[in-house]
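Read off the chains here:
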Amino acid sequence: MNERAAPAADRATVVSPAADPAWARPLAVAVFVAALVLVKLAVAGSTAFIRDEAYYSLWALHPLAAGYFDHPPAVAWFIAAGYAIAGQSELAARLLAVLATIPVCLAIHRTASIAFGDRRIAALSVYFFASTPGAMVGLLVITPDAPSMLFWALSIWAAAELMRSGDGRWWLAFGLFAGLGLSAKYTGLFLGAGIVLWLIAHRANRRWFASVWLYAGGMLALAIFTPVIAWNLGNDLSSFSFQMGRSTRGLQWFEWTDTRHLPEFLASQMALLLPGLFVLATAALALFFAKRAYRSDAAFGLLVWTSVPALAYFLLFSLHSAPQGNWTWPLYPQWAILGAWAALRWEPASTPMRWLQRWTRRLQVPIGLVLAALIFAQALWQPIRLPVSDHTLGMHGWRAIATELEAERRRAGVETILVRDYGLYGYLETYGRFGAHGYRALPLDEFHRYGFVDLPASDDAVEWPVLVAVPSDPDRQPVPPATLDRMTPAPQWFTRLIRPGADGVPASAIDLYRMERPEQPLFGG
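Residues numbered from 1 in each chain as written. Predicted model: local features only at pLDDT ≥ 70, side-chain atom pairs only at ≥ 80, totals over all residues. Heavy atoms only, no water.

Engineer: Help me out: how do you make sense of helix 2 (residues 51–61) in this one?
Structural biologist: The α-helix advances 3.6 residues per turn, and as a result positions three or four apart in sequence lie on the same side. Burial within helix 2 is extensive, with nine of its eleven residues counted as buried. Buried residues of helix 2: Glu-53, Ala-54, Tyr-55, Tyr-56, Ser-57, Leu-58, Trp-59, Ala-60 and Leu-61, and no others. (Buried < 20%, exposed > 50% of the residue type's maximum accessible area, 1.4 Å probe, protein only. Helix = DSSP H or I, 4+ residues; strand = E, 2+ residues; numbered from the N terminus.)

Engineer: Would you take a moment to explain helix 3 (residues 74–86) for this structure?
Structural biologist: The terminal C-alpha atoms of helix 3 lie 18 Å apart, and with 13 residues this matches the ideal 18 Å at 1.5 Å per residue to within 8%. The inward-facing, buried residues of helix 3 contact helix 2, helix 4 (90–99), helix 8 (145–165) and helix 21 (422–434). Backbone geometry just after helix 3 places Gly-87 at a positive phi near 80°. (Expected span 1.5 Å × (residues − 1). Contact = heavy atoms within 4.5 Å.)

Engineer: What is the right way to look at the nonpolar core in this model?
Structural biologist: A general feature of soluble globular proteins is that nonpolar side chains tend to end up buried together. If you look at the biggest cluster of nonpolar residues, it comprises 141 residues, and the most contacted ones within it are Phe-129, Trp-341 and Leu-428. A total of twelve residues in this core trace back to one element, the largest contributor, which is helix 8. In this view, Phe-129 contacts Val-104, Cys-105, Ile-108, Ala-135, Leu-139, Met-149, Tyr-332, Pro-333 and Ala-336; residues no more than four positions away in its chain are not counted. Counting residues in each nonpolar core, the second largest holds 14 residues, with Leu-442, Trp-464, Leu-522 and Phe-523 among its members. (Core = buried A, V, L, I, M, F, W, Y, C linked by side-chain atoms within 4.5 Å.)

Engineer: Where do I start with the side chain of Ser-211 in this structure?
Structural biologist: Looking at where Ser-211 falls in the secondary structure, it is placed in the loop between helix 10 (188–201) and helix 11 (212–233). At a separation of 3.1 Å, a polar atom in the side chain of Ser-211 contacts the main-chain amide nitrogen of Trp-213. (Polar contact = N/O pair within 3.5 Å; in protein donor to acceptor, adjacent residues only side chain to side chain.)

Engineer: Which parts of the structure should I look at to understand empty space enclosed by the protein?
Structural biologist: Taking a probe equal in size to a water molecule and rolling it over the atoms shows the remaining empty space. Under the definition given, this model contains two cavities of 30 Å³ or more. Computed from the structure, the largest cavity encloses a volume of approximately 50 Å³. Along the walls of the largest cavity sit Ala-107, Ile-108, Thr-111, Ala-153, Ile-156, Pro-333, Gln-334 and Ile-337, which together make up its complete lining. Class assignment for the residues of the lining of the largest cavity results in six nonpolar, two polar and no charged. Taken as a whole, the second largest cavity holds about 40 Å³ of empty space. Along the walls of the second largest cavity sit Ser-148, Phe-151, Trp-152, Ala-178, Gly-181, Gly-188 and Leu-191, which together make up its complete lining. Looking at the lining of the second largest cavity element by element, the count peaks at three residues for helix 8. In terms of residue class, the lining of the second largest cavity is built from four nonpolar, three polar and no charged. (1 Å grid on protein atoms, 1.4 Å probe; cavity = no way out; pocket = protein on both sides within 12 Å on 5 of 7 lines; lining within 4 Å. Points joined across faces, edges and corners; volume = space filled by probe spheres on them. Nonpolar A, V, L, I, M, F, W, Y, C, P; charged D, E, K, R; others polar.)

Engineer: Before we go on, may I ask you to explain the pattern of salt bridges in this structure?
Structural biologist: Close approach of charged atoms allows side chains of opposite charge to pair. Under the criterion given, the structure shown has 21 salt bridges. Put simply, Asp-118 and Arg-120 hold a salt bridge, and the shortest N to O gap is 2.8 Å. Among the residues examined, Asp-118 registers a relative accessible area of 1% and is labelled buried. Arg-517 is the salt-bridge partner of Asp-460, the closest N and O atoms lying 2.8 Å from each other. Within this pair, whereas Asp-460 is found in the loop between strand 2 (440–443) and strand 3 (466–472), its partner Arg-517 is found in the segment after strand 5 (506–515), the two being separated by 57 residues in sequence. For Asp-460, a relative accessible area of 60% puts it in the exposed group. Here Arg-517 falls in the partly exposed class, since its relative accessible area comes to 41%. One salt-bridge network, in which partners are shared between bridges, spans Asp-70, Glu-446 and Arg-449. (Salt bridge = Lys/Arg side-chain N within 4 Å of Asp/Glu carboxyl O.)

Engineer: Would you take a moment to explain unusual backbone geometry for this structure?
Structural biologist: Leaving glycine aside, a negative phi is the common case for residues, and trans is the common case for peptide bonds. Across the junction of Trp-464 and Pro-465, the peptide omega takes the value 0°, indicating a cis bond. Following Thr-488, the chain continues into Pro-489 via a peptide bond in cis, with omega recorded as -5°. Tracing the backbone shows Pro-489 in the loop between helix 22 (482–485) and strand 4 (492–500). The residue Gln-382 is not glycine, and still its phi comes out positive at about 45°. Summarising the element assignment, Gln-382 is placed in the loop between helix 19 (351–381) and helix 20 (398–412). Since its relative accessible area comes to 1%, Gln-382 is described here as buried.

Engineer: What exactly am I supposed to notice about a positive patch on the surface here?
Structural biologist: A grouping of Arg-354, Arg-358, Arg-361 and Arg-362 is seen on the molecular surface, where their side chains present a positively charged patch. Relative to the elements of secondary structure, Arg-361 occurs in helix 19. With relative accessibility at 35%, the residue Arg-361 sits in the partly exposed group. (Patch = residues over 30% accessible without salt bridge, like charges linked within 9 Å, V, L, I, M, F, W, Y side chains within 5 Å. Areas by Shrake-Rupley, 256 points an atom, 1.4 Å probe, with all protein chains shown as cover. Lys, Arg positive; Asp, Glu negative; His and termini not counted. Charge placed at Lys NZ, Arg CZ, Asp CG, Glu CD.)

Engineer: Would you mind going over the environment of Gly-276 with me for this structure?
Structural biologist: By secondary structure assignment, the location of Gly-276 is in helix 14 (residues 275–290). For Gly-276, a relative accessible area of 12% gives the class buried. Sequence separation between Gly-276 and Val-126 is 150 residues, and the spatial gap between their C-alpha atoms is 15 Å. Once residues lying within four places of it in the same chain are set aside, the contact partners of Gly-276 are Leu-356, Thr-360 and Gln-364.

Engineer: It is not clear to me how the sheet that holds strand 4 should be interpreted in this structure. Could you clarify?
Structural biologist: Strand pairing in a sheet relies on backbone hydrogen bonds, with the paired strands running either antiparallel or parallel. Overall, mixed pairing links the five strands, which are arranged 2-1-3-5-4 in an open sheet. Each edge of the open sheet is held by one strand with a lone partner, namely strand 2 and strand 4. Adjacent strand axes in the sheet meet at a mean angle of 30°, parallel and antiparallel pairs treated alike. In this sheet, strand 3 lies alongside strand 1 (residues 416–419) in parallel orientation, the contact comprising three bridges. Along strand 3, the bridge assignment pairs Leu-418 with Val-468. Lying on the sheet, helix 20 is in contact with strand 1, strand 3, strand 4 and strand 5; it crosses strand 4 at an angle near 160°. (Pairing = 2+ DSSP bridges. Axes fitted to C-alpha atoms, helices over the stretch in contact; angles between N-to-C directions.)

Right under this line is the structure:
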């Protein structure tokens, strides 16, 4: 790879506003981001939750905890804050995820300006990031990825300000955001490892190992994360074991030869970043390790070294299991900056790479916006039924289902609905509360997930009989799951609820079974 861009030490002057093209001026960037936020708010308020969102909503509808089986608690903070601001609705739950687009883009713009001294790169970084499918979706639906992306981007910005100013107090800001990031997803551990690599790799940074500010920032991050640690210690390390246990799968050598997951992982990143940005960001990473001028550039190094531990982990993980594409979303802000740098400063030697660079500059954002429009249209109206797994199928009909369920439980003369499957439980309890319905929803299985729920101490605390809700296929006859067949007395099928998609065609079904008090205790065992 051939290039002639100067390292950051020689790029101290930011291009003046007068020299900026119109698209690179801050006002143009702000209008672009504001328009995206408005569109995403409209979509957020017009669609139901996807499965995991409904489950995370439960966390915020019960007293908040310092930890949960699946993740740390930050996603519950975001949802609870949204409910406090705007009442209980899908828009309220997603509000902070969508609004996080603004500080993430501000952090990207400022970090790129510090790193490369060019507002064109800063502006293009924002355009590139905000138009990726990963950012379009990740900062719309409310999952732990939204706070994780936000706090990771703010951490990198704080480190960039530290590098620019030499003021050690920026370590406190870094520690604050890093600690909050750890409270969003355990992926934040990789950020800490990356910062240590960055300090070691650049001679001028090593002085911070003798600074009290570095350790004060670390202690602040630890203090913020301590409640999550304490919660795990009080709950048999359940959350740590669930998430960290994935890393120990496939330790036998023969399982590391299953290479099919690596292409799947790379393909998912290419789809979520779009191919042009994926290639340009990869080229920037390769240039950093290939050229001494870049390895000695602390600004370039900040963007690279802080992504290395997470990227290395996910690549190794893909040698024995399938990583999910969203796991890398916290890295997208800095990869967008690297891709924007490569789009504007890199001078590739090969004709194909020059062609790709030129067309990525021109088409990355338009293609991203077209794809976003297609995704949003599918979520809103489902004009086509996709032959692959389609999360948008869950984004309609749940308020009507909760209303029907209320009517059926009244007809059956019961109060309690036991629910099989954590996603369905999330839907039925959340939308039951949204509609102020009178049924009581309780989980039937996976009790390890529900430490935040006030479960009955024994079967005596449940008013029998109950209805049992089981997810089903609308095209099949009701078939009770084995867990129900084994109960005595056996639950009896009562009725089926059909949930239509936005296109009016059945999207899913719920079979309701009437169940008397079982001989084998269900709760309190």
